[in-house]
Amino acid sequence: MKVLDAEFVKGFIQMAEDGWQKGWHERNGGNLSYRIRPEEIESVKEELVPGEWISTKTEVPLLGGEYFLITGTGRYFQNVIRKPAESFGIIELDEAGANYRICWGLENGGRPTSEIPTHLMNHEVKFRVTGGAHRVIYHCHPVNTIALTFVLPLTDEAFTREIWEMMTECPVIFPTGIGVVPWMVPGGRAIGVETSKLMEQYDAAIWAHHGMFCSGPDFDTTFGLMHTVEKAAETLVKVISMTGGKKRQTITPQDFRDLAVDFNLTLPEKFLFEKE
Ligand code: 2HA
Ligand code: ZN
């Protein structure tokens, strides 16, 4: 089969297009990667031509030999659907996960996203903690979530609690909460280490004054998580804009505990603190 005819590739392209349509990918902002299933990579073998080995700038031995779809550095989400073979590619990792080689796409001198260390380290943590269930890592620049990083304390507790309060389904969709990475230089291993530590417990991590990473088992769930957090962030921006932050009424810690019982959730008590 041709790469562009494969269902997993069509899903990748559609998710990139959906993110572009949401306004989360100005210019070359954001990046997306998908850990390909063995039968999926087998189905497109005829088109794979491995290139040179290049450093991943990290090591992810648990992912040795895995193949990924990954967007290109400097390439635009806007163009994923228009110029797919230039905008993303298929890479293969060596056994140590220390080097990759491009096997398809990233045409005209493309390379994987500058955030490849964070993507691979997040994939490795999620591979371990979900028993291989998670396959998608998604990064974008959603405006309301970014705006809140100038206003809320940069703690997991503050962000999780405020976002949960904005919509009853939030704690159902991400019961473990949201992590926050303070401002750091992007594109390197250090920010990848901090993000992947958060991914041990969370499926969403916010980068202060930059954007967000989400992880999930498939394209729909991962995009849906990003969308849910960003929509709740938009609601909070409106509440703060209207009131300065003082709510007349909200969902209380006891409400969350009651929800947890009926929905069979475990909501960490660290997010259910009493406010001043
Ligand atoms: O330009 O979003 O974080 C891609 C990015 C880097
Ligand atoms: Zn970014």
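No experiment lies behind these values; they were computed from the predicted model shown. (Residues numbered from 1 in each chain as written. Chains lettered and ligands numbered in written order. Predicted model: local features only at pLDDT ≥ 70, side-chain atom pairs only at ≥ 80, totals over all residues. Heavy atoms only, no water.)

Undergrad: What am I meant to see in the environment of Gly131 here?
TA: In this structure, Gly131 sits in the loop between α4 (116–129) and β6 (136–140). A relative accessible area of 69% means that Gly131 is categorised as exposed. Counting along the chain gives 114 residues from Gly131 to Gly245, while the straight-line C-alpha distance between them is 41 Å. (Helix = DSSP H or I, 4+ residues; strand = E, 2+ residues; numbered from the N terminus. Buried < 20%, exposed > 50% of the residue type's maximum accessible area, 1.4 Å probe, protein only.)

Undergrad: Can you walk me through the coordination of the zinc ion (ligand 2) in this structure?
TA: For a metal bound by four donors in tetrahedral geometry, the ideal donor-metal-donor angle is 109.5 degrees, whereas six donors in octahedral geometry ideally sit at 90 or 180 degrees. Summarising the metal site, the zinc ion (ligand 2) is bound by the protein donors His139 (NE2), His141 (NE2) and His210 (NE2), whose distances to it range over 2.0 to 2.1 Å. Here the donor residues of the zinc ion (ligand 2) share one chain and are spaced in sequence as H-x1-H-x68-H. Of this pair, His139 sits in strand β6 while His210 sits in the loop between β8 (204–207) and β9 (211–216), and the two are 71 residues apart along the sequence. Neither residue differs from the other here; His139 and His210 are each classed as buried. (Donors = N, O, S within 2.8 Å, 3.2 Å for Na, K, Ca; no water.)

Undergrad: What exactly am I supposed to notice about the pattern of salt bridges here?
TA: Side-chain pairs of opposite charge can arise whenever the charged atoms involved come near each other. Throughout the structure, instances matching the rule amount to 15 salt bridges. When the shortest N-O distance is used, the salt bridge between Lys275 and Glu165 registers 2.6 Å. Here Lys275, found in the segment after α10 (253–262), pairs with Glu165, found in helix α6 (residues 156–165); they are 110 residues apart in sequence, far enough to count as distant. (Salt bridge = Lys/Arg side-chain N within 4 Å of Asp/Glu carboxyl O.)

Undergrad: Got a minute to help me understand the sheet that holds strand β2 (residues 54–55) in this structure?
TA: Either a parallel or an antiparallel arrangement is found when strands of a sheet pair, and the pairing is made through backbone hydrogen bonds. Pairing is mixed across the open sheet formed by nine strands, whose spatial order is β2-β5-β4-β3-β1-β6-β9-β8-β7. At either end of the open sheet lies a strand with only one pairing partner, and these are β2 and β7 (179–181). By the bridge criterion, five bridges tie β6 to β9 in an arrangement that is antiparallel. Within β9, the residue paired with Ile137 across the bridge is Ser215. Of the strands in this sheet, β1 (31–35), β3 (67–71), β4 (88–93) and β6 touch helix α1 (residues 7–22), which is tilted by about 160 degrees from β1. α4 rests against β1, β3, β4, β5 (99–105), β6, β8 and β9 of the sheet, and its axis sits at about 40 degrees to β1. (Pairing = 2+ DSSP bridges. Contact = heavy atoms within 4.5 Å. Axes fitted to C-alpha atoms, helices over the stretch in contact; angles between N-to-C directions.)

Undergrad: Sorry, what's going on with the environment of His134 here?
TA: Mapped onto the elements of the fold, His134 is located in the loop between α4 and β6. A sequence separation of 69 residues divides His134 from Asp203, and the C-alpha atoms of the two residues are 9.7 Å apart. Once residues lying within four places of it in the same chain are set aside, the contact partners of His134 are Arg35, Lys126, Asp203, Ser215, Gly216 and Pro217. A distance of 2.7 Å separates polar atoms of two side chains, one belonging to His134 and the other to Ser215. (Polar contact = N/O pair within 3.5 Å; in protein donor to acceptor, adjacent residues only side chain to side chain.)

Undergrad: What should I look at first to understand α10 in this one?
TA: The α-helix advances 3.6 residues per turn, and as a result positions three or four apart in sequence lie on the same side. Those residues of α10 not exposed but buried are Pro253, Phe256, Leu259 and Ala260. Projected down its long axis, α10 carries its buried residues within an arc of 115 degrees, all on one side. Facing away from the buried surface of α10 by more than 90 degrees, the exposed residues are Val261 and Asp262. A positive phi of about 60 degrees marks Asn264, the residue just after α10. (Arc of directions from axis to C-beta.)

Undergrad: Where do I start with the site of ligand 1 in this structure?
TA: Close to ligand 1 lie Asn28, Gly29, Gly30, Asn31, Glu115, His139, His141 and His210. Here Gly30 contributes a backbone N or O atom positioned 2.9 Å from an oxygen atom of ligand 1. Protein coverage of the free-state accessible area of ligand 1, which is 220 Å², stands at 85%. Here the residues of the shell around ligand 1 are counted per class, giving no nonpolar, seven polar and one charged. (Near = heavy atom within 4 Å. Areas by Shrake-Rupley, 256 points an atom, 1.4 Å probe, with all protein chains shown as cover. Nonpolar A, V, L, I, M, F, W, Y, C, P; charged D, E, K, R; others polar.)

Undergrad: Even after reading the chapter, I still don't get the packing of aromatic side chains, so can you show me in this structure?
TA: Two numbers describe a pair of aromatic rings. These are the distance of the centres and the angle of the planes. Overall, the coordinates contain ten aromatic pairs when judged by the stated rule. On the numbers, 5.3 Å between centres and 75 degrees between planes, the contact of Trp164 with Phe271 is edge-to-face. Placement of Trp164 in helix α6 and of Phe271 in the segment after α10 is noted, with a sequence separation of 107 residues between them. Taken as a pair, Trp164 and Phe271 share a single burial class, namely buried. Here a set of aromatic residues connected by ring pairs shows up, and it is made of Phe8, Phe12, Tyr34, Phe88, Trp104 and Phe219. Positioned over the ring face of Phe273 is Arg161, at 4.9 Å from the centre of the ring. (Phe/Tyr/Trp six-rings, centres within 6.5 Å; stacked < 30°, edge-to-face > 60°. Lys NZ or Arg CZ within 6 Å of the ring centre and 35° of its normal.)

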